[in-house]
Amino acid sequence: MKDLQSAFAGDVNVSLSPASLPAAKPGDGAGRQETVVFRLTRWLRSPRPYLMLVGFALFLGFWYLTVEVWKLPRFAQMPGPTDVITEWLSPDPSYGLSIYSPEYYQHIWVSWRRVSIAFLLATATGVPLGLFLGWSQRFKDYVFPVFELLRPIPPLAWVPLAIIMFQGSETPIVFLTFLASFYATTLNTMLGVESIDASFVRAAYCLGAKRPQVFRHVIVPGAMPFIFTGLQISVGVAWFSLVAGEMVSGQYGLGYLINTSYTMVQYPTMVIGMITLGLVGYLTSAAVRMLGNYLMQWRARELAIGAER
Amino acid sequence: MNYEPARSRGSPDLAANAPGAQERRTGAIRIANVVKIYGSEGAGIRAVDDCTFDVPAGKITVVVGPSGCGKTTLLNAIAGFHSISSGTIYLDDTLLCGPGRPQADPGPDRIVVFQNGALFPWKTIIDNVSFGPIVQGRLTRKESIEKARFMLAESGLRNLESNYPGEISSGMRRRVEIARALMNDPKVLLLDEPYRALDSLTKSVMHEALLETFDRNQVTIFFITHDLEEAIFLGDHVVIMTTRPCRPKKILTVDIPHPRDYSILTAKRFREYLDETVEAVHEEALKAFAAGERER
């Protein structure tokens, strides 16, 4: 129906009934803020935040019951939620690590730095590589078979070679973290280029664009949605392989924390490390998603309209 | 540059070419003995076979035929997306493709408006419309945006500039796409069933808008459809194609003067043209059906 209305609105005054949409024009600060407030209130009015809380409550309840109340056979060894949370929030933790100890933040910082470096490197190399793989069939013929052969080798299998190849403990860990990210980014970028409707490329040539201009105005922005999907996967697997690397070597980092607390039988600390990983990983992934939405206004606005209709 | 609407109703370049009511004499396409075989020579599919007809300059030529008959193949050959196997296609006196030159170079003298639309979803409307002259280096960004504003205003598409294509209706998108094409002062517009996905009410609005644009610019239009009413309403010439392999079966000259509006749909003459063509088209549709062609 909306289609028709605006078609008929024709010459008079084209309006998109923006009243129903919190229109966020680019560069319009007030509009964007309005959108954020609007989204937040809409979210709070929907059942979603409350369902989320129920989900968390169920999870914690299950953990509490199995470990602390019923003391089920295999679960009795595990630290219960009460232990973990008191330890985590205690100013004087019994195993020496809580939100009050500077060491805790040192672990987070070191891991975060490694992931950032690896992720940025993977993005800086994976995106261009993926773009060219998708753009040039000949380049793909050369490179892709090698890529596909290396890709199934898990980061853990690279550990010995990484230690031989790179000096110290820092570089091998960053390298391992980089690997998995790099594969995810490259592959998604390539698929992104291949997913672009041929009409867009043809239209650009029709309008007089030359090959480099088609690359810049069609291929890069057209692959963007896939690239950002890839980056979200990439940042996730970066944390994944980071921990693998940190368990093998290194003196700080969340993976290292988890591994040492295990060997020193400090189980609550181990679980604190795990939960922290989950939180930090979620935050980085959300940051990538937000960056993507910011860079792809066109997509965010399309999806917003889709949701309204 | 200053685009005053009072100066002319067409774009300045076109206005210079078309003083008064005189017809433009560029943009004629001559298709001669064109053959297109997909796949290897022996076992290939013959999509177009010995196809010959003219698309006169400054007229609307509509090509009608059953789905999958090869009309799009012909359009792609003119646009330069596909090669041809033999024959020649000329634009005015320039050989687009022919012996020794199987594929034309795509370029802004022949602009395609695609079946599913090809506005870049990642560019705003104004950036889409101003794209051509900027990448060709014909106008600066500022000039091109100014001209794009003028083109949009002329087609009654104000206030859409900073929207993205995904935010406007599909009918609007088609009109913006035609404005984007006309920005480049093309000799020929190639339209590949552009209104296929629209509902019939929106379609009729689109037809009138297209005819209005045509009356203003007198650009040669090559229009593909399988909708007969659409063909006769829009076309100065209607070329009815046989089912695959595609070649002209009947060429009809629609002698209804421009400007046309929707009242002619019920006119007696219009019904007569329809009757004259419907049988030929139906025959081909039956053949196509028997050959197992389906709607895509």
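Calculation criteria
- Residues numbered from 1 in each chain as written.
- Chains lettered and ligands numbered in written order.
- Predicted model: local features only at pLDDT ≥ 70, side-chain atom pairs only at ≥ 80, totals over all residues.
- Helix = DSSP H or I, 4+ residues; strand = E, 2+ residues; numbered from the N terminus.
- Buried ≥ 20, exposed ≤ 12 C-beta atoms within 10 Å, placed from the backbone.
- Contact = placed C-beta atoms within 7 Å.
- Domains from an automatic or database assignment.
- Nonpolar A, V, L, I, M, F, W, Y, C, P; charged D, E, K, R; others polar.
- Pairing = 2+ DSSP bridges.
- Axes fitted to C-alpha atoms, helices over the stretch in contact; angles between N-to-C directions.
- pLDDT = per-residue confidence, 0-100.
- Parallel < 35°, antiparallel > 145°, perpendicular 65-115°, else oblique.

**Thoughts on the overall build of chain B**
Next up, step 1: Scanning chain B from terminus to terminus reveals eight helices and ten strands.
Next up, step 2: A burial count over chain B gives 48% of its 296 residues as buried.
Next up, step 3: Sequence separation of 24 or more characterises 72% of the internal contacts of chain B that already satisfy a separation of 6 or more.

**So, the overall build of chain A**
Next up, step 1: Scanning chain A for helices and strands turns up 13 helices and zero strands.
Next up, step 2: For chain A, the residues scored as buried account for 33% of the 309 residues in total.
Next up, step 3: Counting only contacts in chain A whose residues sit at least 6 apart along the sequence, the fraction spanning at least 24 positions is 67%.

**Focus: the domain arrangement of chain B**
Residues and elements named next belong to chain B.
Next up, step 1: Domain parsing of chain B yields domain 1 (12-109 + 186-290) and domain 2 (123-185).
Next up, step 2: For domain 1 versus domain 2, the separation of C-alpha centres amounts to 25 Å.
Next up, step 3: For the side of domain 1 that touches domain 2, the secondary-structure elements that each account for two or more residues are helix H1 (12-17) and helix H6 (200-217).
Next up, step 4: Sort the elements by how many residues they give to the side of domain 1 that touches domain 2 and H6 lands first, with seven residues.
Next up, step 5: When its residues are assigned to classes, the side of domain 1 that touches domain 2 shows 13 nonpolar, three polar and one charged.

**Some words on the interface of chain B and chain A**
Next up, step 1: Facing 36 residues of chain B, the contacting portion of chain A comprises 30 residues.
Next up, step 2: Among the elements of the structure, strand S6 (110-113), helix H3 (125-136), helix H5 (170-182) and H6 of chain B are those that each provide at least two residues to the side of chain B that touches chain A.
Next up, step 3: Top contributing element to the side of chain B that touches chain A by residue count: H3 of chain B, with four residues.
Next up, step 4: Looking at side-chain class alone, the side of chain B that touches chain A contains 20 nonpolar, 14 polar and two charged residues.

**A few points about the environment of Tyr 205 of chain A**
Next up, step 1: As for its placement among the helices and strands, Tyr 205 of chain A is situated in helix H9 (residues 198-206).
Next up, step 2: A tally of 22 C-beta atoms within 10 Å means that Tyr 205 of chain A is categorised as buried.
Next up, step 3: As for Tyr 205 of chain A and Pro 91 of chain A, which are separated by 114 residues in sequence, their C-alpha atoms are 66 Å apart.
Next up, step 4: Apart from the residues lying within four places of it in its own chain, the contact partners of Tyr 205 of chain A are Val 214 of chain A together with Pro 106 of chain B.

**Remarks on the environment of His 107 of chain A**
Residues and elements named next belong to chain A.
Next up, step 1: You can see His 107 is positioned in helix H5 (residues 102-135).
Next up, step 2: For the pair His 107 and Arg 289, spaced 182 residues apart in sequence, the C-alpha to C-alpha distance is 25 Å.
Next up, step 3: For His 107, the contacting residues outside a window of four places in its chain are Tyr 252, Gly 253, Leu 254 and Leu 257.

**Some points on the sheet that holds strand S9 (residues 237-241) of chain B**
Residue and element names in this part refer to chain B.
Next up, step 1: Pairing is mixed across the open sheet formed by six strands, whose spatial order is S6-S7-S8-S3-S9-S10. In this open sheet, the two edge strands, each paired with only one partner strand, are S6 and strand S10 (248-253). On average, each strand axis in the sheet is tilted by 15 degrees relative to the strand beside it, whichever way the strands run.
Next up, step 2: Direction of pairing for S9 relative to S10: antiparallel, over a ladder of five bridges. Paired with Val 238 across the two strands is Leu 252, which belongs to S10.

**Some points on the confidence of the model for chain B**
Residues and elements named next belong to chain B.
Next up, step 1: Per-residue confidence for chain B gives a mean pLDDT of 82, with 89% of residues at or over 70.
Next up, step 2: Within chain B, H1 has the poorest average pLDDT of any element, 42, and H3 the best, 94.
Next up, step 3: Across residues 1-23, where pLDDT falls below 50, the model places 22 contacts with residues more than four positions away in sequence or in other chains.
Next up, step 4: Interface scoring of the predicted complex returns ipTM 0.85; its pTM is 0.81.

**Focus on the environment of Ser 130 of chain B**
All names here are of chain B.
Next up, step 1: Relative to the helices and strands, Ser 130 is located in helix H3.
Next up, step 2: The class for Ser 130 is buried, based on 27 C-beta atoms found within 10 Å.
Next up, step 3: With 53 residues separating them in the primary sequence, Ser 130 and Met 183 have C-alpha atoms 7.3 Å apart.
Next up, step 4: Aside from chain neighbours lying at most four places away, what touches Ser 130 is Ser 144, Ile 145 and Ala 148.

**Side note on the packing of helix H4 (residues 81-89) of chain A against helix H12 (residues 267-295) of chain A**
Residue and element names in this part refer to chain A.
Next up, step 1: Direction vectors running N to C along H4 and H12 enclose 80 degrees, while the axes themselves pass 9 Å from each other. The angle between H4 and H12 falls in the class roughly perpendicular. Two secondary-structure elements touch here, H4 through Asp 83, Val 84, Glu 87 and Trp 88 and H12 through Pro 268, Thr 269, Val 271 and Ile 272.
Next up, step 2: Residue classes in the contact of H4 with H12 are distributed as five nonpolar, one polar and two charged.

**Observations regarding unusual backbone geometry**
Residues and elements named next belong to chain B.
Next up, step 1: With a phi close to 40 degrees, Glu 193 is a non-glycine residue in the positive phi region.
Next up, step 2: Relative to the elements of secondary structure, Glu 193 occurs in the loop between strand S7 (188-192) and H6.
Next up, step 3: The phi angle at Gln 218 is positive, at roughly 50 degrees, despite the residue not being glycine.
Next up, step 4: Structurally, the position occupied by Gln 218 is in the loop between H6 and strand S8 (220-225).

**What to know about the sheet that holds strand S5 (residues 94-97) of chain B**
Residue and element names in this part refer to chain B.
Next up, step 1: Strand order in the open sheet formed by four strands is S2-S1-S4-S5, and the pairing between neighbours is antiparallel. Each of the sheet's edge strands pairs with one partner strand only, and the pair in question is strand S2 (45-55) and S5. Within this sheet the neighbouring strands show an average axis-to-axis angle of 30 degrees, counted without direction.
Next up, step 2: Relative to S2, strand S1 (residues 29-38) runs antiparallel, the two sharing seven bridges. Within S2, the position partnered with Lys 36 by the bridge is Val 48.

**Points about the pairing of strand S4 (residues 86-91) of chain B**
Two faces, one strand: in a regular strand the side chains alternate between the faces of the sheet.
All names here are of chain B.
Next up, step 1: Where burial is concerned, the two faces of S4 differ: the one with Gly 87, Ile 89 and Leu 91 is buried and the one with Ser 86, Thr 88 and Tyr 90 is not.
Next up, step 2: Across five bridges, S1 lies against S4 in antiparallel orientation. Its bridge partner being in S4, Ile 29 is matched across the sheet by Leu 91.
Next up, step 3: In this antiparallel pair of consecutive strands, S4 and S5, the connection spans two residues, and Asp 92 shows a positive phi of 50 degrees.

**Section: the domain arrangement of chain A**
Next up, step 1: With domains assigned, chain A is organised as domain 1 (27-78) and domain 2 (83-308).
Next up, step 2: The C-alpha-based centres of domain 1 of chain A and domain 2 of chain A are spaced at 25 Å.

**Focus: the confidence of the model for chain A**
Next up, step 1: Taken over all residues, the pLDDT of chain A has a mean of 86, while the share at 70 or more is 88%.
Next up, step 2: Mean pLDDT in chain A bottoms out at helix H1 (residues 2-9) of chain A, which sits at 38, and peaks at H5 of chain A, which reaches 96.

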